[in-house]
Amino acid sequence: MSEIILSICLGIGLAASAGFRVFIPLLFASIAAYFDVIPLHESWQWAGSLTAVIVLGVASIVELLAYYIPFVDNLLDTISVPLAAVAGTVVMVSVAADMNPVFTWTLAIIAGGGTAAAISTTTSAARATSTATTGGFGNPLISTVEAGFSSVLSVLSIAFAPLAMIVVFFLLIGINKVYKKLFKKKKDEVAVG
């Protein structure tokens, strides 16, 4: 039972990380599996191969660099939410302990994909706000913070999954509070206008 709980915590932590950057948590999970730090689901053993580590490493570098190119970062944000949801689902399934496939996929789609999509939506909104208020000059700072969060959360998830789960919980609460403030502000503006 504790193996299942740990794999769920690991999956949700990595899925949340995918909300910040799609390939970084996949890369960290692949590296960890390559060095036998974390187990992968039986059908995902290929993700722990040296080939997977190299491919995901290249994809991570390209993704990181692309977010520093003006206007490309905003273009990437238009596809980042669905990609993050897919990556969150995939990473959740890949680290899931041996559970019933129906439960595994349901959990992966809701907890993994949902968490990643919620975080990705927030980061996309932050970049859009930065573009509107700074003309895009603040976007590299946002990109750096996102990449940092993704990396730290990935490492934390692999090293101590329950703590990562707690961090994700508070992250989602923070996102919820931000959205409530934004929507309240917009309601107030509409009421005044």
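### Thoughts on the overall build of the chain
Then step 1. Tallying secondary structure elements over the chain gives 7 helices and 0 strands in all.
Then step 2. For the chain, the N- to C-terminal ordering of α and β elements is α-α-α-α-α-α-α.
Then step 3. For 193 residues, the compact-globule estimate of 2.2 N^0.38 gives 16 Å, and the chain sits close to it at 17 Å.
Then step 4. With the C-alpha coordinates aligned to their principal axes, the bounding extent of the chain is approximately 55 × 35 × 25 Å.
Then step 5. Each charge sign in the chain was given a centre, from 9 positive and 10 negative side chains, and these centres are 19 Å apart.

### Quick notes on the nonpolar core
Then step 1. Among the nonpolar cores identified, the biggest contains 40 residues, and Ile38 and Met92 are the most heavily contacted of them.
Then step 2. Excluding residues within four positions of it along the chain, Met92 makes contact with Ile8, Gly11, Ile12, Leu107, Ala108, Ala111 and Gly112.

### Here's the deal with the side chain of Ser157
Then step 1. By the secondary structure assignment, Ser157 is in helix H6 (residues 139–159).
Then step 2. Ignoring anything within four residues of it in the chain, the contact list for Ser157 reads Leu10, Gly13, Leu14 and Ala164.

### Examining the packing of helix H1 (residues 2–20) against helix H5 (residues 101–134)
Then step 1. The interhelical angle for the contact between H1 and H5, taken along N-to-C directions, is 30°, at an axis separation of 7 Å. When the interaxial angle is binned, H1 and H5 end up roughly parallel. As for how H1 packs across H5, the hand of that crossing is right-handed. Every residue of H5 that contacts H1 at Ile8, Ile12, Ala15, Ala16, Ala18, Gly19 and Phe20 is listed here: Leu107, Ala111, Gly112, Thr115, Ala116, Ile119, Ser120 and Thr123.
Then step 2. Here the contact of H1 with H5 is composed, by residue class, of 10 nonpolar, 5 polar and no charged.

### Notes on the packing of aromatic side chains
Then step 1. Summed over all chains, the structure comprises 4 aromatic pairs.
Then step 2. Seen in terms of ring centroids, Tyr34 and Phe35 are 5.1 Å apart; in terms of plane orientation they differ by 85°. Their pairing is edge-to-face.
Then step 3. Between Phe169 and Phe170, the aromatic rings sit 5.4 Å apart at their centres with planes inclined by 75°, giving edge-to-face as the arrangement.
Then step 4. Overall, the relative accessible area of 53% leaves Phe170 in the exposed class.
Then step 5. The lysine or arginine in question, Arg21, covers the ring of Tyr67, its NZ or CZ lying 3.8 Å from the ring centre.

### Describing H6
Then step 1. Across its 21 residues, H6 extends 30 Å between first and last C-alpha, which sits within 8% of the 30 Å expected from 1.5 Å per residue.
Then step 2. Three or more residues of H6 are buried, namely Asn139, Ile142, Ser143, Glu146, Ala147, Ser150, Leu153, Ser154 and Ser157. Buried positions in H6, seen along its axis, are confined to an arc of 140° and lie on one side of it. Facing away from the buried side of H6 by more than 90 degrees, the exposed set consists of Leu141, Val152 and Ala159.

### Digging into a nonpolar patch on the surface
Then step 1. Together, Tyr34, Phe35, Val37, Leu50, Ile54, Val58 and Val62 line one region of the surface with nonpolar side chains, adding up to about 690 Å² of accessible area.
Then step 2. By residue number, the principal contributor to the nonpolar patch is helix H3 (residues 50–66), which donates 4 residues.
Then step 3. With respect to the helices and strands, Val58 occurs in helix H3.

### Some thoughts on unusual backbone geometry
Then step 1. The phi torsion at Asp36 lies on the positive side, around 60°, for a residue other than glycine.
Then step 2. As for its position among the elements, Asp36 is in the loop between helix H2 (23–34) and H3.
Then step 3. Judged by its relative accessible area of 68%, Asp36 falls in the exposed class.

Definitions and cut-offs
Residues numbered from 1 in each chain as written. Predicted model: local features only at pLDDT ≥ 70, side-chain atom pairs only at ≥ 80, totals over all residues. Heavy atoms only, no water. Helix = DSSP H or I, 4+ residues; strand = E, 2+ residues; numbered from the N terminus. Rg over C-alpha atoms; globule rule 2.2 N^0.38 Å. Lys, Arg positive; Asp, Glu negative; His and termini not counted. Charge placed at Lys NZ, Arg CZ, Asp CG, Glu CD. Core = buried A, V, L, I, M, F, W, Y, C linked by side-chain atoms within 4.5 Å. Buried < 20%, exposed > 50% of the residue type's maximum accessible area, 1.4 Å probe, protein only. Contact = heavy atoms within 4.5 Å. Axes fitted to C-alpha atoms, helices over the stretch in contact; angles between N-to-C directions. Parallel < 35°, antiparallel > 145°, perpendicular 65-115°, else oblique. Left-handed = near helix turned anticlockwise from the far one by under 90°. Nonpolar A, V, L, I, M, F, W, Y, C, P; charged D, E, K, R; others polar. Phe/Tyr/Trp six-rings, centres within 6.5 Å; stacked < 30°, edge-to-face > 60°. Lys NZ or Arg CZ within 6 Å of the ring centre and 35° of its normal. Expected span 1.5 Å × (residues − 1). Arc of directions from axis to C-beta. Patch = residues over 30% accessible without salt bridge, like charges linked within 9 Å, V, L, I, M, F, W, Y side chains within 5 Å. Areas by Shrake-Rupley, 256 points an atom, 1.4 Å probe, with all protein chains shown as cover. Salt bridge = Lys/Arg side-chain N within 4 Å of Asp/Glu carboxyl O.

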